[in-house]
Amino acid sequence: MNHKHGAILVLSGPSGAGKSSIINEIIYDIGDCYFSISTTTRPIREGETDGIHYHFVDEEEFQRDIEEDLFLEYAFVHGNYYGTSIKPVRKALREGKLVVFDIDVQGNTVVNTRLGDITTSVFISPPTLSELKRRLEKRQTDSQEVIERRVKMAKKEIQRITEYDYIVVNDKLDDAANTLRLIAKAARLKVSHTDINEFVQEWEDIEQ
Ligand code: 5GP
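To keep things clear, this report deals only with the structure shown in the data block. The model shown is predicted, which means the values in this text are computed figures rather than measured ones.

1. Some words on the overall build of the chain
At step 1: Assigned secondary structure in the chain consists of 8 helices and 9 strands.
At step 2: In terms of overall size, the chain behaves like a compact globule, its C-alpha atoms giving a radius of gyration of 18 Å where 208 residues would be expected to give roughly 17 Å.
At step 3: Expressed as lengths along the three principal axes of its C-alpha atoms, the size of the chain is roughly 70 × 40 × 30 Å.
At step 4: Sorting the 208 residues of the chain into buried and exposed places 43% on the buried side.
At step 5: Nonlocal contacts in the chain, meaning residues at least 24 apart in sequence, comprise 70% of its contacts between residues at least 6 apart.
At step 6: Surface accessibility of the chain: about 12400 Å² in total, with carbon and sulfur atoms responsible for 50%.
At step 7: Looking at charge distribution, the chain has the averaged site of its 27 positive side-chain charges lying 6 Å from that of its 36 negative ones.

2. Focus on the side chain of Asn80
At step 1: One can find Asn80 in strand S6 (residues 80–85).
At step 2: The class for Asn80 is buried, based on a relative accessible area of 16%.
At step 3: With residues near it in sequence (within four places) discarded, Asn80 still touches Thr40, Thr41, Arg42, Pro43 and Ala75.

3. Things to note about the nonpolar core
At step 1: Ranked by internal contacts, the top residues of the largest apolar core, which has 20 residues, are Leu9, Leu11, Leu98, Val122, Ile124 and Leu180.
At step 2: It is helix H7 (residues 173–188) that provides the largest number of residues to this core, a total of 6 residues.
At step 3: Ranked by size, the runner-up nonpolar core spans 12 residues in total, among them Val89, Ala92, Leu93 and Phe101.

4. Notes on the site of the ligand
At step 1: Neighbouring the ligand are 17 residues; Ser38, Arg42, Tyr54, Glu73 and Tyr82 lie closest to it.
At step 2: In the model, an oxygen atom of the ligand is placed 2.4 Å from a nitrogen or oxygen of the Tyr82 side chain.
At step 3: Thr84 is positioned such that a nitrogen or oxygen atom in its side chain is 3.3 Å from an oxygen atom of the ligand.
At step 4: Relative to its unbound accessible surface of 520 Å², the ligand loses 95% to contact with the protein.
At step 5: Among the secondary structure elements, those contributing two or more residues to the shell around the ligand are strand S5 (71–77) and S6.

5. Describing a negative patch on the surface
At step 1: Side chains of Glu25, Asp171, Asp174 and Asp175 sit close together on the surface and give a patch of like negative charge.
At step 2: Considering the arrangement of structural elements, one finds Glu25 in helix H1 (residues 19–26).
At step 3: Its relative accessible area of 37% is what places Glu25 among the partly exposed residues.

6. Observations concerning the pattern of salt bridges
Any two side chains of opposite charge can pair, on the condition that their charged atoms come close.
At step 1: With the rule as written, the count across this model stands at 9 salt bridges.
At step 2: Lys19 is the salt-bridge partner of Asp102, the closest N and O atoms lying 3.0 Å from each other. One end of the pair, Asp102, is in strand S7 (residues 98–102); the other, Lys19, is in helix H1, and 83 residues separate them in sequence.
At step 3: The class for Asp102 is partly exposed, based on a relative accessible area of 38%.
At step 4: Classification of Lys19 as buried rests on a relative accessible area of 11%.
At step 5: Put simply, Glu95 and Lys97 hold a salt bridge, and the shortest N to O gap is 3.1 Å.
At step 6: One network of salt bridges, with partners in common, ties together Lys91, Glu95 and Lys97.

Each value, and the rule that gives it
- Each chain carries its own residue numbering, running from 1 in the direction its sequence is written.
- With pLDDT at 70 or above as the cut-off, local features in this predicted model cover only qualifying residues; side-chain atom pairs require 80 or more to be listed or tallied, and sums for whole chains, interfaces and linings still use all residues.
- Hydrogens and waters are ignored; side-chain quantities use all the structure's heavy atoms.
- Each helix is a run of H or I in the DSSP string that is no shorter than four residues. Each strand is a run of E no shorter than two, and both are numbered from the N terminus.
- The globule rule is 2.2 Å times the number of residues to the power 0.38, and the radius of gyration it is compared with is taken over C-alpha atoms.
- Relative accessible area decides the class of each residue, using a 1.4 Å probe on protein chains only: under 20% of the type maximum gives buried, over 50% gives exposed, and in between gives partly exposed.
- Residues count as neighbours in contact if any of their non-hydrogen atoms are within 4.5 Å of one another.
- With residues, only the protein chains shown are counted as cover, and all accessible areas are computed by Shrake-Rupley using a 1.4 Å probe.
- Charge counting follows a simple rule: Lys and Arg are positive, Asp and Glu are negative, and His as well as the terminal groups are ignored.
- Where a charge lies is defined by one atom per residue type: Lys uses NZ, Arg uses CZ, Asp uses CG and Glu uses CD.
- Only buried Ala, Val, Leu, Ile, Met, Phe, Trp, Tyr and Cys residues count toward a nonpolar core, and they belong to the same one when joined by side-chain atoms within 4.5 Å.
- For each residue, the test is whether any non-hydrogen atom lies within 4 Å of the molecule or strand; if one does, the residue is near.
- As used in this structure description, the phrase polar contact means that two N or O atoms lie within 3.5 Å; if the pair is within protein, one of them must be able to donate a hydrogen and the other to accept it, and residues adjacent in sequence are counted only when both atoms belong to side chains.
- A patch consists of residues exposed above 30% relative accessible area that lack any salt bridge, with like charges linked at up to 9 Å and nonpolar side chains (Val, Leu, Ile, Met, Phe, Trp, Tyr) linked at up to 5 Å.
- In the sections that follow, a salt bridge refers to a side-chain nitrogen of Lys or Arg positioned within 4 Å of a carboxyl oxygen of Asp or Glu.

So this is what it looks like as structure tokens:
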């Protein structure tokens, strides 16, 4: 079973859990991968670039993409639409890449339903809810109202943590990054049912 095959690594977790920092730590170690760039209707934030952080579109365009069945999954999160376009994902998988998604719990459910046999899912969590709040306040990018909303959302999201293969608690960045590095390496080795069946067929090379 040495031919190229792609795999998926789903990362979820509340904003403020440190997903981006952990990813930045490991990005050069996990080899040939494709970070899925989602499409969203949320307004662009300071420091973000269209086409790099997200594809920023209006609601009309997003609806058109839904009707044309262009999304692998999409969801309504924090009052905005977010979706994963299927085309670049297919291409990356064909090229044998590890496709990394930063999507919410709803997205994880859909990806697991559609591509579960090549998917590994990780929930990245802050050590506690109060630590999450402290980090969001320290970041100084959100109003108190937005922070309260994010904390509330995080409380909801953590209820679905059992739907994930792994939980990484981001207490110390180095430790969390080391753990995710290992998970990413294992995720790449996950083999689809089709590949397993092919392997068994090739393996049974003696007529009994
Ligand atoms: P933010 O607006 O802070 O960048 O992201 C808000 C939330 O939307 C995060 O939990 C993030 O994981 C999630 N998200 C981003 N892109 C997608 C996507 O394409 N699909 C889904 N289901 N969730 C997404």
